[in-house]
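The lines below spell out each chain.
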Amino acid sequence: MKDLPARRLLLVHAHPDDESINNGATMARYAAEGAHVTLVTCTRGEEGEVIPPELAHLAAGRDDTLGAHRVGELADAMRELGVTDHRFLGGPGRYRDSGMTGTEQNHRPGAFWGAPVDEAAGHLVEVIRSVRPQVMVTYDPEGGYGHPDHIQAHRVAMRAADLAADPAYRPASGAPHTIAKIYWNRVPRAVVEAGFARLRAEAPAAFPGVADVQDVPGVVGETLITAEIGGSDAAAAKTAAMRAHATQIAVDGPYFALSNGLGQPVLTTEYYQLVRGSAEPGDDGRERDLFAGLPAGAGAPGAQA
Ligand SMILES: [Zn+2]
């Protein structure tokens, strides 16, 4: 890991497809700019529902082979985004998808939700100390919308950031490293409402109905947003990456649906709340670069943190 690019971005997600839906434009932009983009996915998404009827047999209630299939979908999505460094926390299959809140899968042996946070964070510390990212992106404390694996991914990511910086924590796992800036995924309510208004007006035939603002993770008022990234350049890559997750996402033009079939707008600009580190905003109070304000090459692999 000695020859990584100067700028390094780490994203921590719960399931394959979360990264493309939440951060596809951001990942495509930084990969295209030559930054090192590392994705850590905490589970293989074994409990997801399957959209294409011909693949329904993969589901947990039948063959239970969806996890392995989604590893392939994720690899295809990463090719679309230009991201080469994507890993599963502790290795593929180390932690299993915990299912939706209140289901018996929450308590299944190996479920990510039941993993001790410090144990799971230990795997992420190894990645952080090896790649030495200046910027980390993950979910807010509610996991955006309350899925147990998203909440757990938040807890593990934040804990790992603290442990990675602590010289007393497992010195054998690498030199300590402090992540300079940590962002949570957010979406401004006004942007989502405008997207749904366009969707209702166009009423694409592909979707039998329209989702609700409450179905979108991480929706907040404008005041919490500190950064926005994306726009039309990265939109095509983001949409292509979402299409690669074919068991989970149906894409139609600038819209998509999850397994409930309800249409949602694809958000080609992505929004963030800085929760650690200092912002370097423009005149409108928002950053347009997650690395803004950071010295080039700071915290390079092999350098002292
Ligand atoms: Zn998810």
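Residues numbered from 1 in each chain as written. Predicted model: local features only at pLDDT ≥ 70, side-chain atom pairs only at ≥ 80, totals over all residues. Heavy atoms only, no water.

**Here we look at the overall build of the protein**
Looking only at helices and strands, the protein features six helices and twelve strands. In terms of principal-axis extent, the alpha carbons of the protein reach across some 55 × 50 × 30 Å. When the 305 residues of the protein are sorted by exposure, 52% land in the buried category. Partitioning the intrachain contacts of the protein with sequence separation of at least 6 by distance along the chain shows that 79% fall at a separation of at least 24. On the protein, roughly 12500 Å² of surface is accessible, and the fraction owed to carbon and sulfur atoms is 52%. In the protein, 27 side chains carry a positive charge and 39 a negative one; their mean positions are 5 Å apart. (Helix = DSSP H or I, 4+ residues; strand = E, 2+ residues; numbered from the N terminus. Buried < 20%, exposed > 50% of the residue type's maximum accessible area, 1.4 Å probe, protein only. Contact = heavy atoms within 4.5 Å. Areas by Shrake-Rupley, 256 points an atom, 1.4 Å probe, with all protein chains shown as cover. Lys, Arg positive; Asp, Glu negative; His and termini not counted. Charge placed at Lys NZ, Arg CZ, Asp CG, Glu CD.)

**Here we look at unusual backbone geometry**
For Arg 170, which is not a glycine, the phi torsion comes out positive at approximately 35 degrees. Judged by its relative accessible area of 42%, Arg 170 is partly exposed. Within the chain, Ala 203 stands out as a residue other than glycine whose phi angle is a positive 40 degrees. Summarising the element assignment, Ala 203 is placed in the loop between α5 (189-202) and β6 (209-210). The exposed category is assigned to Ala 203, whose relative accessible area is 52%.

**Comments concerning the environment of Pro 176**
With respect to the secondary-structure elements, Pro 176 resides in the loop between α4 (148-165) and β5 (181-188). Given the relative accessible area of 27%, Pro 176 is considered partly exposed. For the pair formed by Pro 176 and Leu 9, sequence separation is 167 residues and the distance between their alpha carbons is 17 Å.

**Some points on the UniProt feature "binding site: Zn(2+)" (unreviewed entry) in the protein**
The UniProt record annotates "binding site: Zn(2+)" (unreviewed entry) at His 15, Asp 18 and His 150. What stands out for the annotated residues spanning 136 residues is how close their C-alpha atoms remain, the widest pair being 9.4 Å apart. Looking at His 15, the relative accessible area reads 6%, which means it is buried. For His 15, the contacting residues outside a window of four places in its chain are Thr 41, Thr 43, Gly 45, Arg 70, Asp 97, His 147, Asp 149 and His 150. Tracing the chain through its elements places His 150 in helix α4. Exposure remark for His 150: the relative accessible area of 2% places this residue in the buried category. In this structure, His 150 is in contact with Ala 14, His 15, Asp 18, Tyr 139, Gly 143 and Tyr 145, ignoring residues within four places of it in sequence. (UniProt positions renumbered as here; feature names shortened; annotations may be inferred.)

**Regarding the environment of Glu 73**
Its location among the elements puts Glu 73 in helix α2 (residues 66-81). For Glu 73, a relative accessible area of 4% gives the class buried. Separated by 39 residues in sequence, Glu 73 and Phe 112 have C-alpha atoms that sit 20 Å apart. Those residues in contact with Glu 73 that sit more than four places away from it in its chain are Ala 244, His 245, Ala 246, Thr 247 and Gln 248.

**What to know about the coordination of the zinc ion**
Around the zinc ion, the protein contributes the donor atoms His 15 (ND1), Asp 18 (OD), Asp 18 (OD) and His 150 (NE2), which lie 2.0 to 2.5 Å from the metal centre. Metal-centred angles of 54 to 143 degrees between the four donor atoms at the zinc ion mark the site as irregular. Within one chain, the residues donating to the zinc ion are spaced in sequence as H-x2-D-x131-H. Of this pair, Asp 18 sits in helix α1 (residues 18-32) while His 150 sits in helix α4, and the two are 132 residues apart along the sequence. (Donors = N, O, S within 2.8 Å, 3.2 Å for Na, K, Ca; no water. Tetrahedral: all angles 85-135°; square planar, octahedral: opposite > 155°, others 65-115°.)

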